[in-house]
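# Survey of secondary and tertiary structure
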Amino acid sequence: MYAFDDCTILNSCELKIPGAYKIFFKNDTITSKNFTKIIALFQRLNNSNVPRYRFVPFNEENIVTVGNQLLQGLNVQMLKANFRAQMMSQLQEFGDWIENSFIKIEKNKNIDDIKRFFVDNERNLIKERNIPEDDDLTIIKAYTEYESSETKYFISHDEHFWGYKDLILSEFGIKVVEEWKCDLT
Amino acid sequence: MRLTKDEAIALVLSFSKKQEISSPTKLNKLLARLNLHFIPIDIDFSLNKYGSFNANLGALETTPFYQRETYEYKGREVSKFILKEEGRKLAENATHKIKRILKSIEIEELQEEINSLSELQASQISDEEHKKLFVDVDDRYKLIERINTVHVNLYDLYREMDKIDQNKLEEINLAALIEYCFYLSKYLKEKRFKDIENAGYEFDAYMLDYYFLYGLEIVIPVLRGQLKEEKKDQILINKYYQYFINSAWGKYPFSLDNNNLNRLTA
């Protein structure tokens, strides 16, 4: 079974550039660098009638995180705050599609034991704080307890997952796939 | 969020006395009134002698949502509009839609206002609108004063924009709203109303110019308040942001979808 991190799902959104801002861009849309890979995986799963899973409740902060990543390095020279708000708004609206396109797994807040595990096995991560956020742990807990006889894949760009991928596999039976390699699964 | 023409008509009819409106002119006025409540609608209004006007509304025929009926009034044949069952469902959808931008109490106030206005003559409704928007030549000095005050106040707020953290969606929208309002006021002052002092009554003027200026005056204290609040009011900010952005979208020069907007912000 294939479950996705919210940020990865948001990275499959193609943002349309409003007319006023087109003078600053070569293309009419903005996409994440892994966009085509994520879409390719979505299509492959669709063609094989394999459902996609995600974890709820949705963490709204992820919209800002993904939005900021997509906007990084762009050279908009007019009404910048509005450009930002428009991009965030499109990501929010993308939520309607997300709502109906994934099977939901409820995040599990009983994370004390999992947290202890990561504290005991702390690693030095490159981009993120060493210990996964509580929200990440609620996902691991929920996915671990979700009954399925299939291999559990979890696609994420978050180092809190792929930085511990071998441990997450051996301890929780979840195969973490880095977002940028998701088309290879 | 923007109400379609049919959604707006169904909403206004559902709020009116007996769920009917006694003339196309009155329908015009009541639909235009949604602008004063910051509800973006997909209907363009221009200025005629009696205020906001859209010629297409006069030619409306019966649809699955409302019935156009003719009746005799003072020896003249006039039309009225009556909400149909499908229209009631559409009005419910429209109400659901506006809940994203208006609080329940504001929707109730809107309902009461439309209900009471629906009993007035169209001319009484437009008189009231004229007074609020300063469209009359006699009120020109008030209009100019409004433009200048609004622009100066928004300039002050624009200079404070950097104080907003922009880590949350409501903070991002607040910054965008301040920025948009400031540049919109600049456009109104320096381009649209530049020579208004010597102009006559603006027949055929785009009503959004007047609605926006009125709206900017209303939004200034809200922006000031929200700048100070640690926890921003998402619905409140969204209400004004959606109104300015979506009312302009696709039909007004100062719009984020205008490919030449850079010429208006310079």
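Scope of this entry: the structure provided in the associated data block.

A word on the overall build of chain B. Of the regular secondary structure elements, chain B holds 11 helices and 5 strands. The C-alpha radius of gyration computed for chain B amounts to 19 Å, which stays within 12% of the reference 18 Å derived for 266 residues, consistent with globular compactness. Taken along the three principal axes of its C-alpha coordinates, chain B extends 60 × 45 × 35 Å. A buried classification covers 55% of the 266 residues belonging to chain B. Put simply, 70% of the contacts in chain B that link residues at least 6 apart link residues at least 24 apart.

What follows is about the interface of chain A and chain B. At the junction of the two partners, chain A supplies 18 residues and chain B supplies 25 residues. Buried area between chain A and chain B, summed over both chains or domains, comes out near 1,700 Å², and the portion from carbon and sulfur atoms is 62%. Considering only the side of chain A, the residues that lose the most area to chain B are L79, A81 and N82 of chain A, jointly responsible for 30% of the buried surface there. Here chain A and chain B share 0 salt bridges between them.

This part is about helix α2 (residues 35–47) of chain A. Residue and element names in this part refer to chain A. Taking 1.5 Å as the rise per residue, α2 with 13 residues should run 18 Å; its terminal C-alpha atoms sit 18 Å apart, in good agreement. Looking at the buried side of α2, the elements it contacts are β1 (2–4), α1 (6–10), β4 (52–56), α4 (80–101) and β6 (152–156). N49, located one to two residues past α2, shows a positive phi value of around 55 degrees.

For the rest of this paragraph, the subject is the nonpolar core. Grouped together as the largest cluster of nonpolar side chains are 129 residues, with contacts concentrated most on Y21 of chain A together with I98, L184, Y210, F244 and F254 of chain B. No other element matches the 14 residues that helix α8 (residues 169–192) of chain B contributes to this core. Beyond its immediate chain neighbours, meaning those up to four positions away, Y21 of chain A contacts V76, M78, L79, N82 and F83 of chain A together with L256 of chain B. If you look at the next biggest cluster of nonpolar residues, it comprises 24 residues, including M1, I139, W162 and I168 of chain A.

On to the state of the cysteines, then. Residues and elements named next belong to chain A. Under the definition given, this model contains 0 disulfides over all chains. Of the cysteine sulfurs around C7, a residue in no disulfide, the closest is that of C13, at 13 Å. Its sulfur unpaired, C182 is 14 Å from the next cysteine sulfur, which belongs to C7. The class of C182 is buried, set by a relative accessible area of 0%.

This next bit is on the environment of V78 of chain B. Residues and elements named next belong to chain B. Mapped onto the elements of the fold, V78 is located in strand β5 (residues 76–83). Considered as a pair, V78 and S23 are 55 residues apart in the sequence and their alpha carbons are 6.8 Å apart. With near-sequence residues (within four places) excluded, V78 lies in contact with E69, T70, Y71 and Y73.

What follows concerns the sheet that holds β6 of chain A. Residues and elements named next belong to chain A. Within the open sheet, the 5 strands sit side by side as β5-β4-β1-β6-β7. Their pairing is parallel. A single partner strand is all that each edge strand has here, and the edge strands are β5 (103–106) and β7 (174–178). The mean angle between the axes of side-by-side strands here comes to 35 degrees, regardless of whether they run parallel or antiparallel. Across 3 bridges, β1 lies against β6 in parallel orientation.

Time to look at the packing of aromatic side chains. Counted according to the given criterion, the structure contains 35 aromatic pairs over all chains. For the pair F4 of chain A and F42 of chain A, a centre-to-centre distance of 5.1 Å together with 75 degrees between the ring planes defines the contact as edge-to-face. Taken together, the residues span a long stretch of sequence, with F4 of chain A in strand β1 and F42 of chain A in helix α2 at a distance of 38 residues. In this pair, the class of F4 of chain A matches that of F42 of chain A, namely buried. Geometrically, the ring pair formed by F193 of chain B and Y210 of chain B is edge-to-face, given 5.4 Å between the ring centres and 65 degrees between the ring planes.

With an omega dihedral of 5 degrees, the bond running from V56 of chain A to P57 of chain A counts as a cis peptide bond. When you line up the elements, P57 of chain A lands in the loop between β4 and α3 (61–71). Despite not being glycine, F38 of chain B has its phi angle at roughly 65 degrees, a positive value. Take F38 of chain B: it is sitting in the loop between α2 (24–36) and β2 (46–48).

So, how was this worked out
- Each chain has its residues counted from 1, running along the sequence as written.
- Here chains are named by letter from A upward and ligands by number from 1 upward, in the order in which they appear as written.
- Whole-chain, interface and lining totals are the exception, using all residues; otherwise, since this is a predicted model, local features are given only for residues with pLDDT of at least 70 and side-chain atom pairs are given and counted only at 80 or more.
- Computation of side-chain values: all heavy atoms of the structure, hydrogens and water removed.
- Comment: elements are numbered from the N terminus, with helices defined as DSSP H or I runs of at least four residues and strands as E runs of at least two.
- Every radius of gyration here is taken over C-alpha atoms, with the globule rule written as 2.2 Å times N^0.38, N being the number of residues.
- Throughout, exposure labels follow a simple rule: accessible area from a 1.4 Å probe, protein chains only, divided by the maximum for the residue type, with under 20% read as buried, over 50% as exposed, and the rest as partly exposed.
- Here a residue-residue contact requires only that any non-hydrogen atoms of the pair lie within 4.5 Å.
- By buried area we mean how much accessible surface two parts lose on assembly, using a 1.4 Å probe and totalling the loss over both.
- For this analysis, a salt bridge means a side-chain nitrogen from Lys or Arg found within 4 Å of a carboxyl oxygen belonging to Asp or Glu.
- An expected span of 1.5 Å times one less than the residue number is assigned to each helix.
- Nonpolar core, defined: a set of buried Ala, Val, Leu, Ile, Met, Phe, Trp, Tyr and Cys residues in which side-chain atoms within 4.5 Å join the residues together.
- In this description, a disulfide is simply a cysteine sulfur pair whose atoms lie within 2.5 Å.
- At least two DSSP bridges between two strands are required for those strands to pair.
- Here an axis means a line fitted to C-alpha atoms, over the contact stretch when the element is a helix, while the angle between two N-to-C directions is reported on a 0 to 180 degree scale.
- Any two of the Phe, Tyr and Trp rings considered here, Trp counted by its six-membered ring, make a pair once their centres fall within 6.5 Å; the pair's planes then place it as stacked at under 30 degrees, edge-to-face at over 60, or tilted in between.

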